[in-house]
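Geometric and topological summary
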Amino acid sequence: MVKQEDYIQKFIELLPDYLEQGEFSIVTSSLGDMHPADIAEIIRSISDDNAISIIRLLQEDIRSDVVAELDQEEREKLLEELPASEIAESVVTKMDSDDAADLLSELTPEKQSSVIDALEDVEQAQDLLDLLAYDEDTAGGLMAKELIKVKENWSVGECEVELRKQAEDIDDVHTVYVVSDNDKLEGIISLKSLILNSPETKVKEISKTDIISIKTSAKSMEVSRIMDKYDLVVLPVVDENNYLVGRITIDDVVDVIVEEAEKDYQMLSGISEDVESSDNIWQLTRARFPWLLVGMVGGILGAWVVGFFKEGASTEIIIFIPLIAAMGGNVGIQSSALVVQGIANQSLSGTILSKLFKELGVGIVNGLLCGILLFVVNVLIGKTFDYSFAVSISLISVIIFAAVFGTWIPLFFNKIKIDPALATGPFITTANDIFGLFLYFYICKILIS
């Protein structure tokens, strides 16, 4: 049996010949047997002209799925080549409103307007305009307009008739929302309840009113926190007056979590902007240089500390500089990473002072363990007691300082409304290098004759 990867690779190799020779039926037949994700993989591996040819050969029911599977960069290039009328007719109209709005947001303002003007469904066009008005980092920017709702004063029989009408345009029915006559969210009702109750039963008698919803203005991370906390598959979205305006599904939240994780990882690495490896040299340099500059300034200050204490510093003292710097940086990053994680998922509890005291305790325990181990090693290899004791006390002090400092910085950043992820990585490492080296040399100067 041929592996799917081998089949795709073989198809990519033969595709230019098929298109050149006009063997479109072979291409269409081959693509019809593939998953949209596999077709997107093929498009990433071929020329732009061939990619457009493939998009046009795809059946309409999977064309929008393939476009949705593409990375943003490939999708933007592809959509720039397609006319607005074609995007509207064969892509946007087949998408859920949230995916369609995301796609439109990637277009230039002029092309975005042209695509919306080309839509025949006026209601769909208005829905997309509504979604584009929201910040993409909010619940309004994440939500889709497609949902099923029934009036609270309807009977079960009336609901069943209406459900059949509304379900025609929805792929997956997650839940049925109950609204008042003026569309305010009042509750939800399960399909099971509709099936088991008599047609004469009123909806408000069997609906569940203690529901969890979220405002359109809520941040995307708050959406993911609520859905995770209450183990939700779908979350209704309401405006400031509690009118039902949309719903968010779990797949949208997964995308948010992945994006946030990538962003935090970049910040941890000292990258200040959201960039991709495919971005141009200027974009990559602009994102990476600021923290390289911080690291360079920290290195200069660290060198100044070493120079300040160089008189009287033996070679044996100097050889432990890398160890002191590395341990301080590692402990600081560990402490700050835990705090940043706690802030992100809102699992932190207690006062700032209690967190600092707790991390102080952790720093003391880790410092003593590492300090005692270093002392034993130095004694075994023949170092003097004074020297071994001074280096170990220095290491303990550096670890305790790094633990407390690494905890305080992200808490402080969060307090002044700056992303605490900035506190990790180069910032903590550089600061700990400077203060750690100062502590190391100062303690050694005092304790070693």
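Quick note: structure is the one above.
This section reports on the structure supplied with the text. Here the structure is a predicted model, which means the values were calculated and not measured.

Criteria and cut-off values
- Residues numbered from 1 in each chain as written.
- Predicted model: local features only at pLDDT ≥ 70, side-chain atom pairs only at ≥ 80, totals over all residues.
- Heavy atoms only, no water.
- Helix = DSSP H or I, 4+ residues; strand = E, 2+ residues; numbered from the N terminus.
- Buried < 20%, exposed > 50% of the residue type's maximum accessible area, 1.4 Å probe, protein only.
- Contact = heavy atoms within 4.5 Å.
- Areas by Shrake-Rupley, 256 points an atom, 1.4 Å probe, with all protein chains shown as cover.
- Core = buried A, V, L, I, M, F, W, Y, C linked by side-chain atoms within 4.5 Å.
- Expected span 1.5 Å × (residues − 1).
- Pairing = 2+ DSSP bridges.
- 1 Å grid on protein atoms, 1.4 Å probe; cavity = no way out; pocket = protein on both sides within 12 Å on 5 of 7 lines; lining within 4 Å.
- Points joined across faces, edges and corners; volume = space filled by probe spheres on them.
- Nonpolar A, V, L, I, M, F, W, Y, C, P; charged D, E, K, R; others polar.
- Axes fitted to C-alpha atoms, helices over the stretch in contact; angles between N-to-C directions.
- Parallel < 35°, antiparallel > 145°, perpendicular 65-115°, else oblique.
- Left-handed = near helix turned anticlockwise from the far one by under 90°.
- Salt bridge = Lys/Arg side-chain N within 4 Å of Asp/Glu carboxyl O.
- Patch = residues over 30% accessible without salt bridge, like charges linked within 9 Å, V, L, I, M, F, W, Y side chains within 5 Å.
- Lys, Arg positive; Asp, Glu negative; His and termini not counted.
- Charge placed at Lys NZ, Arg CZ, Asp CG, Glu CD.

1. Overview of the overall build of the chain
Of the regular secondary structure elements, the chain holds 22 helices and six strands. The buried share of the chain, taken over its 449 residues, is 41%. At a minimum sequence separation of 6, the contacts of the chain that also span at least 24 residues come to 65%. Of the roughly 24,600 Å² that the chain leaves accessible, carbon and sulfur atoms contribute 56%.

2. Brief notes about the nonpolar core
One broad trend across soluble globular proteins is that nonpolar side chains are buried collectively. The biggest cluster of nonpolar side chains holds 57 residues, and the ones touching the most others in it are Ile-39, Ile-54, Val-92, Leu-103, Val-223 and Ile-248. Looking at which element gives the most residues to this core, the answer is helix α1 (residues 4-20), with six residues. Ignoring any residue separated from it by four or fewer positions in sequence, one finds Val-92 in contact with Ile-87, Ala-100, Leu-103, Leu-104, Val-115, Leu-119, Gln-124 and Leu-128.

3. Some words on helix α21 (residues 385-415)
With 31 residues, α21 should cover 45 Å at 1.5 Å per step; its first-to-last C-alpha distance of 45 Å lies within 8% of that length. Positive backbone phi, at 65°, marks Lys-417, one or two positions downstream of α21.

4. Observations regarding the pairing of strand β6 (residues 244-249)
In terms of residue burial, β6 counts as a mostly covered element, since six of its six residues are buried. Across five bridges, strand β5 (residues 234-238) lies against β6 in antiparallel orientation. Note on β6: the bridge partner recorded for Val-234 is Thr-249.

5. Some remarks on empty space enclosed by the protein
In this structure the tally under the stated criterion is two cavities of 30 Å³ or more. Put simply, the largest cavity is a space of about 70 Å³. In this structure, the largest cavity is lined by Glu-146, Leu-147, Ile-148, Ile-170, Asp-172, Val-173, His-174, Thr-175, Tyr-177, Val-234 and Arg-247. Residue composition of the lining of the largest cavity, by class: six nonpolar, two polar and three charged. Roughly 30 Å³ of volume is contained in the second largest cavity. Taken together, Thr-28, Leu-31, Gly-32, Leu-57, Leu-58, Gln-59 and Ile-62 make up the full set of residues lining the second largest cavity. It is helix α2 (residues 24-32) that provides the largest number of residues to the lining of the second largest cavity, a total of three residues. Of the residues contributing to the lining of the second largest cavity, the split by class is four nonpolar, three polar and no charged.

6. Quick look at the pairing of β5
Across the five residues of β5, five count as buried, placing the element largely inside the fold. Along β5, one buried face is formed by Val-234, Pro-236 and Val-238 and the opposite face, lined by Leu-235 and Val-237, is buried too. As paired strands, strand β4 (residues 214-215) and β5 are joined by two bridges and run parallel to one another. Residue pairing across strands places Ile-214 opposite Val-237, the latter belonging to β5. Counted along the chain from β5 to the antiparallel partner β6, the turn is five residues long, and its residue Asn-242 has a positive phi close to 70°.

7. Remarks on the packing of helix α20 (residues 352-380) against α21
The geometry of α20 relative to α21 is characterised by a closest axis approach of 8 Å and an angle of 155° between their N-to-C directions. Our classification of the angle between α20 and α21 gives roughly antiparallel. Crossing handedness for the pair α20 and α21: right-handed. A per-class count over the contact of α20 with α21 returns 21 nonpolar, eight polar and two charged.

8. Looking at the pattern of salt bridges
On inspection of all chains with the given rule, the structure shows eight salt bridges. Of the charged contacts, one joins Asp-48 and Lys-77 as a salt bridge, the two residues approaching to 3.8 Å between their closest N and O atoms. One end of the pair, Asp-48, is in helix α4 (residues 48-57); the other, Lys-77, is in helix α6 (residues 72-81), and 29 residues separate them in sequence. A relative accessible area of 42% places Lys-77 in the partly exposed class. Note that Lys-145 and Asp-130 form a salt bridge whose closest N and O atoms lie 3.9 Å from each other. Taken together, the residues Lys-145 in the loop between α11 (139-142) and β1 (148-151) and Asp-130 in helix α10 (residues 122-132) connect sequence positions 15 residues apart. It is possible to trace a salt-bridge network through shared partners that takes in Lys-149, Lys-151 and Asp-183.

9. Let's talk about the sheet that holds β1
Spatial ordering of the open sheet is given by β1-β2-β3, a layout of three strands whose pairing is mixed. The strands lining the two open edges of the sheet, one partner per strand, are β1 and β3 (185-189). In this sheet, adjacent strand axes meet at a mean angle of 35° when their direction is disregarded. Alignment of β1 against strand β2 (residues 176-179), held across four bridges, turns out to be parallel. Following the sheet pairing, Val-150 is matched in β2 by Val-178. Helix α12 (residues 156-166) rests against β1 and β2 of the sheet, and its axis sits at about 155° to β1.

10. Points about a negative patch on the surface
Residues Asp-61, Asp-65, Glu-69, Asp-99, Asp-102, Asp-135, Glu-136, Asp-137, Asp-172, Asp-251, Asp-255 and Glu-259 make up a contiguous surface patch of negative charge. Elements with a minimum of two residues in the negative patch: α5 (60-69), α8 (97-105) and α16 (250-268). Considering the arrangement of structural elements, one finds Glu-259 in helix α16. Taking relative accessible area as the criterion, Glu-259 reaches 52% and is therefore assigned exposed.

11. As for the sheet that holds β4
Strand pairs in the sheet, formed through backbone hydrogen bonds, run parallel or antiparallel to each other. A sheet is described by the order of its strands in space; here three strands give the open sequence β4-β5-β6, paired in mixed fashion. Every other strand in the sheet has two partners, leaving β4 and β6 as the edge strands with one partner each. Those strands touched by helix α15 (residues 220-229) are β4, β5 and β6, and its axis lies near 135° from that of β5.

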